[in-house]
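Single-letter residue listing:
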Amino acid sequence: MNSASTVKMKNTAKATSVTDKRFKMLDATIKRHQYQQDALIEILHKAQELFGYLENDVLIYIAHNLKLPPSRVYGVATFYHLFSLAPSGVHTCVVCTGTACYVKGAQAILANVEKSAHIHAGETTADGQISLLTARCLGACGIASAVVFDGTVLGNQTAESVLERIKGWLQNGSI
Ligand code: FES
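As the structure is a prediction and not an experimental result, all values here were calculated from the model.

1. Things to note about the overall build of the protein chain
Scanning the protein chain from terminus to terminus reveals seven helices and six strands. Here the protein chain holds 175 residues, and 34% of them are scored as buried. Once local pairs closer than 6 in sequence are excluded, the contacts in the protein chain between residues at least 24 apart make up 61%.

2. Section: the nonpolar core
Ranked by size, the top nonpolar core spans 43 residues in total, and within it A47, V95, C96, V113, L138, A146 and V147 carry the most contacts. Mapping this core onto the domain boundaries places at least three of its residues in each of domain 1 (19–79) and domain 2 (91–172). For V147, the residues in contact, after removing those within four places along its chain, are C93, V94, V95, C96, I109, L154, Q157 and V162.

3. Concerning the confidence of the model for the protein chain
Mean pLDDT over the protein chain works out to 84, with 87% of the residues at or above the 70 mark. Across residues 1–18, confidence stays below pLDDT 50; counting only partners more than four residues off in sequence or on other chains, it has 34 contacts.

4. So, the environment of H33
With respect to the helices and strands, H33 occurs in the loop between α1 (21–32) and α2 (40–51). Classification of H33 as partly exposed rests on a count of 16 C-beta atoms within 10 Å. As a C-alpha pair, H33 and L66 span 33 residues in sequence and 10.0 Å in three-dimensional space. If we ignore the near neighbours within four places in the chain, the residues touching H33 are A39, E42 and I43.

5. Points about the pairing of strand β4 (residues 130–135)
Across the six residues of β4, five count as buried, placing the element largely inside the fold. Bridging between strand β3 (residues 91–96) and β4 involves six bridges; their strand directions are parallel. Residue pairing across strands places V94 opposite L133, the latter belonging to β4.

6. Details of unusual backbone geometry
A cis amide bond links A144 with the next residue in sequence, S145, at an omega value of 0 degrees. When you line up the elements, S145 lands in the loop between β4 and β5 (147–149). The backbone phi angle of K67 is positive, close to 55 degrees, even though this residue is not glycine. Of note, K67 is situated in the loop between α3 (56–66) and α4 (70–79). A positive phi angle, close to 70 degrees, is found at C137, a residue other than glycine. With respect to the helices and strands, the residue C137 is situated in the loop between β4 and β5.

7. Observations regarding the environment of E164
Secondary-structure assignment places E164 in helix α7 (residues 159–172). Separated by 51 residues in sequence, E164 and V113 place their C-alpha atoms 9.8 Å apart.

8. Some thoughts on α3
Among the residues of α3, those classed as buried are V58, L59, Y61 and I62. Buried residues along α3 cover an arc of 160 degrees about the axis, so they all sit on one side. Pointing more than 90 degrees away from the buried face of α3 are the exposed residues N56 and D57. Tucked into the core, α3 has its buried residues touching α2 and α4. Phi turns positive one or two residues past the end of α3, at K67, with a value near 55 degrees.

9. Some details on the packing of α3 against α4
Two elements in contact, α3 and α4, have axes separated by 9 Å at closest approach and are oriented at 125 degrees. Taken as axis vectors, α3 and α4 run oblique relative to one another. The crossing of α3 and α4 is right-handed. From α3, L59, I60, I62 and A63 reach across to α4, where they touch P70, V73, Y74 and A77.

Calculation criteria
Residues numbered from 1 in each chain as written. Predicted model: local features only at pLDDT ≥ 70, side-chain atom pairs only at ≥ 80, totals over all residues. Helix = DSSP H or I, 4+ residues; strand = E, 2+ residues; numbered from the N terminus. Buried ≥ 20, exposed ≤ 12 C-beta atoms within 10 Å, placed from the backbone. Contact = placed C-beta atoms within 7 Å. Core = buried A, V, L, I, M, F, W, Y, C linked by C-beta atoms within 7 Å. Domains from an automatic or database assignment. pLDDT = per-residue confidence, 0-100. Pairing = 2+ DSSP bridges. Arc of directions from axis to C-beta. Axes fitted to C-alpha atoms, helices over the stretch in contact; angles between N-to-C directions. Parallel < 35°, antiparallel > 145°, perpendicular 65-115°, else oblique. Left-handed = near helix turned anticlockwise from the far one by under 90°.

Written out as structure tokens, the structure reads:
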């Protein structure tokens with residue numbers, strides 16, 4: 001994987017494919033730490049902040065950039081409880097709570113999801129359907145509020161649009 005890894009990013013009107021800016025932001029953090037292997041924990045923190053959890057691809061990406069064996073990166077990520085390697089739900093909803101999204105109503109989005117799914121951020125519904133996570137700036141501020149549904153970043157989200165999708169997941173297991 002490289003920093004040009006893409007995700008499907010859509011706004012409510014139409015779908016467009018753009019570069020996943022989260023990897024660019026992770027790159028900037030790695031560079032700021034001058035690719036120092038000692039900065040692994042700080043970099044993992046940033047990655048979790050950006051992605052909501054430390055998925056496999058992200059760990060490999062960090063290992064590659066710091067020239068560390070993946071086993072070492074996995075070892076550190078699994079040792080500390082504050083890192084989560086995967087959401088446990090079938091579906092994952094990551095609500096961006098960065099400044100731009102906050103201004104555009106991220107708190108209302110988060111509150112609505114928490115209320116309808118009966119979970120708090122960082123938790124998974126009892127039936128294992130939905131994991132709710134938060135991230136601080138997905139690098140998509142221009143389309144705030146941004147929410148990631150199962151790895152797909154959607155822009156211009158509102159409490160209502162997010163709720164619609166969450167209800168679909170709760171009712172059908174998919175949407
Ligand atoms: S603050 Fe949400 S994408 Fe930047």
